[in-house]
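Given next are the chains, with one letter for each unit.
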Amino acid sequence: MNAPTAISHLVPQSHQREVPAALIDGLKARFGERCSTALAVREQHGRDESSFDAPPPAAVVFAESSDDVAAAVKLAADFDVPVIAFGVGSSLEGHLLAVQGGISIDVSRMNKVLSVNAEDLTVTVQPGVTRKQLNEEIKSTGLFFPIDPGADASIGGMAATRASGTNAVRYGTMRENVLALEVVTASGEAIRTGTRARKSSAGYDLTRLFVGSEGTLGVITEITLRIYPLPEAVSAAICSFPSIEAAVRTVIQTIQLGVPIARVELIDHHTVRMVNAYAKLGLREEPMLLMEFHGSPAGVKEQAETVQEIASEFGGKAFEWASTPEERTRLWTARHNAYFAAVQSRPGCRVISTDTCVPISRLADCLLDSVAEADASGIPYFLVGHVGDGNFHFGYLLDPNAPEERVKAEQLNHALVSRALALGGTCTGEHGVGLHKMGFLVDEAGAGAIEMMQTIKRALDPKNIMNPGKIFSLPQPSLLNRSGNPL
């Protein structure tokens, strides 16, 4: 876990809202031992994998059903107290911090796969189900859920942040793969959005409204997902390159030629070195692409041969295959452990991770200039990217006793996001806005779009109790009139 960092210089100042003793008494009467005010429990639920810090919530409620969530939200609404949903705590942008106080609703015990409709390629789960758990429970059907953000995140959290990951280039993101939701709104009412049908023209698309809303409009209590047949054949390969540009050009040409590659990950030479030391691998310490191909045996062979030809045109070498499940797992585990390998490379450091995405044709322009700036800064970093869809991450490894490094890292991040926006990209491809990117969202969306988001927020959450202080700022409740509008 990263060392905490003050957030006052990054986000608008928020004031802790009072949590009356009567609310805590009401929660304990309703939930008994499933309502905890123990400091250790509250601190655990007041942190995520970001480097930010804030006071912990006043209480943690462990929900076991939608009715539990509705009851907790109704009680909080009666006292105008903030509510923050908690899954496994793997978010990266301060989503879980109680910046205005309030209570945390832990949904990790809501971890049942409710129904599997193999014939329709859908599954319905509770929000605390994790992606690995889901795939383990449905593997006997010959189906799988492909969204893989790296961490074993909860499905509810993945829906709330519109997560994606390594498979997005072929299977899309949570936006494309969530069909329906059950959501407890700010009034404590449970509503349903969408159906198991693959398409609908019925009314507003409320499902898409809640997917990516980061808990600011309601608490997700049930999710219906698309699932996919396990591919007949899977093969992975790695290829080293003389430069990052050569690797990126290979990816761009692969995508533009329409090769249906399932995964393609860029790992820079710093990251390869860190992963080698951490996982005891013997990878060439050069920029590398880690690729995976899904399909029929003949299709996989054709895809891989095509990519190998493209790679050779850009100086790619040491093209190695990993066709057994064990070998593929070893390589992808090394990729998913890149963060931990990087942290171990500089003991005691904290990490600021970026999350930019640009149109694939502008990937080289954005990435290469950003690498040059990071190299010139002198700050140790690692670089990984789901470059098949134009998404990449820098992880700056900061000495917590050197505040000037934090300043440099924020300057690098600001320059990177500004560059991405100028190239038609976004400030966040998959992590979400949370606390860290509130200012960047204004730059990306514009004042008019932010005002429309705020209007929706006020309409659905007039007391501003659902994860307040995230995505954008709103006036404190004391400055709102009865209709929820600013005085």
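These figures come from a predicted structure and were not determined experimentally.

### A short note on the overall build of the chain
The helix and strand tally for the chain stands at 17 helices and 19 strands. The C-alpha radius of gyration of the chain comes to 23 Å, within 12% of the 23 Å expected for a compact globule of 487 residues. Taken over the C-alpha atoms alone, the chain extends approximately 70 × 55 × 40 Å along its principal axes. The buried share among the 487 residues of the chain stands at 55%. Looking at the chain alone, contacts between residues at least 24 apart form 72% of all its contacts between residues at least 6 apart. When the accessible surface of the chain is summed, it comes to about 19,600 Å², and 53% of that surface belongs to carbon and sulfur atoms. Within the chain, one finds 43 positive and 55 negative side-chain charges whose respective centroids are separated by 2 Å.

### Some remarks on the sheet that holds strand β2 (residues 59-62)
Pairing within the open sheet is mixed, and its 4 strands lie in the order β1-β2-β4-β3. Each edge of the open sheet carries a strand with a single partner, namely β1 (35-36) and β3 (83-86). Along the sheet, helix α3 (residues 66-78) contacts β2, β3 and β4 (103-106); its crossing angle with β4, the most-contacted strand, is approximately 170°.

### Some points on the nonpolar core
Ranked by size, the top nonpolar core spans 43 residues in total, and within it Leu 266, Leu 289, Met 291, Leu 367, Leu 383, Phe 394 and Tyr 396 carry the most contacts. Those residues in contact with Leu 367 that sit more than four places away from it in its chain are Ile 244, Val 248, Leu 266, Leu 383, Phe 392 and Phe 394.

### Side note on helix α16 (residues 438-445)
Looking only at α16, the buried set comprises Met 438, Phe 440 and Leu 441. Seen from one end, α16 has its buried residues packed into an arc of 150°, which puts them on one side. Where α16 is buried, its residues touch α15 (403-422) and α17 (447-460).

### Thoughts on the side chain of Thr 221
Its location among the elements puts Thr 221 in strand β10 (residues 218-226). A relative accessible area of 1% places Thr 221 in the buried class. Not counting chain neighbours up to four residues away, the residues in contact with Thr 221 comprise Ser 66, Val 69, Met 110, Gln 126, Pro 127, Glu 182, Val 183 and Val 184.

### A word on the confidence of the model for the chain
Overall, the predicted model of the chain reaches an average pLDDT of 91, with 94% of residues at or above 70. Below pLDDT 50 for its whole length, residues 1-9 participates in 27 contacts with residues either more than four positions away or in separate chains. A low-confidence stretch, residues 479-484 stays under pLDDT 50, and its non-local contacts, those more than four residues away or across chains, total 13 contacts.

### Comments concerning helix α10 (residues 269-279)
A turn of α-helix holds 3.6 residues, and therefore any two residues three or four places apart point the same way. When we look at burial in α10, the residues that qualify are His 270, Thr 271, Val 272, Met 274, Val 275 and Asn 276. Note on α10: the residue one or two positions beyond its end, Lys 280, has a positive phi of about 55°.

### Overview of the environment of Gln 256
Relative to the assigned elements, Gln 256 resides in helix α9 (residues 244-256). The exposure class of Gln 256 is exposed, given its relative accessible area of 53%. It is 8.6 Å that separates the C-alpha atoms of Gln 256 and Ser 361, two residues lying 105 residues apart in sequence.

What counts, and at which threshold
Residues numbered from 1 in each chain as written. Predicted model: local features only at pLDDT ≥ 70, side-chain atom pairs only at ≥ 80, totals over all residues. Heavy atoms only, no water. Helix = DSSP H or I, 4+ residues; strand = E, 2+ residues; numbered from the N terminus. Rg over C-alpha atoms; globule rule 2.2 N^0.38 Å. Buried < 20%, exposed > 50% of the residue type's maximum accessible area, 1.4 Å probe, protein only. Contact = heavy atoms within 4.5 Å. Areas by Shrake-Rupley, 256 points an atom, 1.4 Å probe, with all protein chains shown as cover. Lys, Arg positive; Asp, Glu negative; His and termini not counted. Charge placed at Lys NZ, Arg CZ, Asp CG, Glu CD. Pairing = 2+ DSSP bridges. Axes fitted to C-alpha atoms, helices over the stretch in contact; angles between N-to-C directions. Core = buried A, V, L, I, M, F, W, Y, C linked by side-chain atoms within 4.5 Å. Arc of directions from axis to C-beta. pLDDT = per-residue confidence, 0-100.

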